[in-house]
Amino acid sequence: PTSAQLSVVPHSGRFCYTLDNDLLSTEQRQFYEDNGYLVIKKLVSDEDIERFRKEFTRICKREVNPPGAMIMKDEALKSQFGQSEKVVNKVQDFQEDEELFRYCTLPEVLKYVECFTGPNIMAMHTMLINKLPDSDQQTFLHPMHQDLHYFPFRPASRIVCAWTAMESAHRDNGCLVVQPGTHTTALKPHGYPKWEGKTNKLFHGLLEEDEKTPKVHLVMEKGDTVFFHPLLIHGSGINRTSGFRKSISCHFASSDCYYIDVKNTSQEHLEKELEEMVSKKYNATSVTLKDIWHFRARLVQGERINL
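Conventions used here
- Residue numbers restart at each chain and count upward from 1, following the sequence in its written direction.
- Local features in this predicted model are restricted to residues whose pLDDT is 70 or higher, and side-chain atom pairs enter the listing and the counts only when it is 80 or higher, whereas totals over whole chains, interfaces and linings include all residues.
- For side-chain calculations, the full set of non-hydrogen atoms in the structure is used, while hydrogens and water are omitted.
- One bridge is not enough; two strands pair if DSSP finds at least two bridges between them.
- Only DSSP runs of H or I reaching four residues or more are called helices, and only runs of E reaching two or more are called strands; each is numbered from the N terminus.
- Exposure classes here rest on a 1.4 Å probe applied to the protein chains alone. A residue is buried below 20% of its type maximum, exposed above 50%, and partly exposed in between.
- Throughout, a contact is declared for two residues whenever any of their heavy atoms are within 4.5 Å.
- Cavities and pockets are found on a 1 Å grid laid over the protein atoms alone: a cavity is a set of points where a 1.4 Å probe fits but cannot escape, a pocket is an open set with protein on both sides within 12 Å along at least five of seven lines, and a lining residue has an atom within 4 Å of such a point.
- Grid points are joined across faces, edges and corners, and a volume is the space filled by probe spheres set on the points.
- Lys, Arg, Asp and Glu make up the charged group, whereas Ala, Val, Leu, Ile, Met, Phe, Trp, Tyr, Cys and Pro make up the nonpolar group; the residues left over, Gly among them, are polar.
- To form a nonpolar core, buried Ala, Val, Leu, Ile, Met, Phe, Trp, Tyr and Cys residues must be joined to one another through side-chain atoms within 4.5 Å.
- Definition used for salt bridges: Asp or Glu carboxyl oxygen within 4 Å of a side-chain nitrogen of Lys or Arg.

Peer 1: Help me out: how do you make sense of the sheet that holds strand β8 (residues 176–178) in this one?
Peer 2: Either a parallel or an antiparallel arrangement is found when strands of a sheet pair, and the pairing is made through backbone hydrogen bonds. Strands sit in the order β5-β13-β8-β11 across an open sheet of 4 strands; the sheet is antiparallel. On the outer flanks of this sheet lie β5 (142–145) and β11 (216–217), each paired with one strand and no other.

Structure below.
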């Protein structure tokens, strides 16, 4: 079911997770309030998606090399396919790639983002995911997780992810899976799942998952976009088809958000892992988590205040 297909029982009290706006209907705001996500059909044009697809192919072929971008590959496939999209699972931190970063500045996306963040909008974290065919190894199964685990800034309710399907996403090719209503819970401890030989760097998941919590598979068509809260528990299944399942996404935050110290919290081990990775990649002596995020962050609307 998508946002348009589920009935919502209205309740009294003000909205906590959306701001007053002229775009979302009362029903849409209530749906997000209750479930933590909202699907908007056909929001991004086929023309834009085609441009993102072409740029992704150029990055895979190393025709362009965006500074700071993390290109995640299945090394086992390199000998078979060389430099191609059949090897690259994800392009993360594409904020320096002018063509892909256009996604984060699309007016049709930002007008919805503003309903969650307010007018001063930062693009904080960017990804183009190319879920590879993977029926045997389950290498690219992303365990259920909360995105806030990765973010050292708050408040959570002024952060939202926009995730756009670049082609049809369904259960067979590993569409998003969400647990409606879990955005109202606290940030839970995350770590690497105990899957032997099947974990990717930074693919953290919930250490304890409540199997009884209902799950919804977000079946989406090309251009459909889901906006979701950073505490919403979600993940994605494996791609059992022979094709690829592409999506493009950005986590946006109000520039009024502020950085927090994650020492002595469940996020501390992630901080160490990220700092070590970045120090190694750039041969830097002292890099803080705040430095990493300050480098990633880009203003896309309004003024830059804290982030």
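Peer 1: So what exactly am I meant to see when it comes to the environment of Phe228 here?
Peer 2: With respect to the helices and strands, the residue Phe228 is situated in strand β12 (residues 225–228). The class for Phe228 is buried, based on a relative accessible area of 3%. Phe228 has contacts with Tyr32, Gly36, Tyr37, Asp147, Val160, Cys161, Trp163, Leu176 and His234, leaving out every residue within four places of it along the chain.

Peer 1: Got a minute to help me understand the layout of surface pockets in this structure?
Peer 2: If a probe as big as a water molecule is rolled over the atoms, it shows which places are left empty. Of the voids in this model, the largest pocket is the one considered here, and its volume is about 330 Å³. When residues of the lining of the largest pocket are traced back to their parent elements, those giving at least two are α6 (268–282) and α7 (289–296). In terms of residues, the lining of the largest pocket owes the most to one element, α6, which gives 5 residues. A per-class count over the lining of the largest pocket returns 8 nonpolar, 2 polar and 6 charged.

Peer 1: I keep staring at the nonpolar core and nothing clicks. Help me out?
Peer 2: The nonpolar side chains of a soluble globular protein tend to be buried with one another. Among the nonpolar cores identified, the biggest contains 53 residues, and Tyr37, Tyr103, Val109, Phe227 and Phe252 are the most heavily contacted of them. It is helix α5 (residues 107–117) that contributes the most residues to this core, 6 residues altogether. Met122, Met124, Val278 and Val287 belong to the second-largest nonpolar core, a separate cluster that totals 22 residues.

Peer 1: What is the right way to read the pattern of salt bridges from this model?
Peer 2: Applying the stated criterion across every chain yields a total of 14 salt bridges. For Lys42, the salt bridge goes to Asp46, with nearest N and O atoms at 3.4 Å. Judged by its relative accessible area of 52%, Lys42 falls in the exposed class. A salt bridge links Arg298 to Glu96; the shortest N-O distance between them is 2.1 Å. Here the residue Arg298 occupies a position in strand β16 (residues 298–301), and Glu96 occupies one in the loop between β3 (88–92) and α4 (98–101), the gap between them amounting to 202 residues. The class of Arg298 is partly exposed, set by a relative accessible area of 22%.

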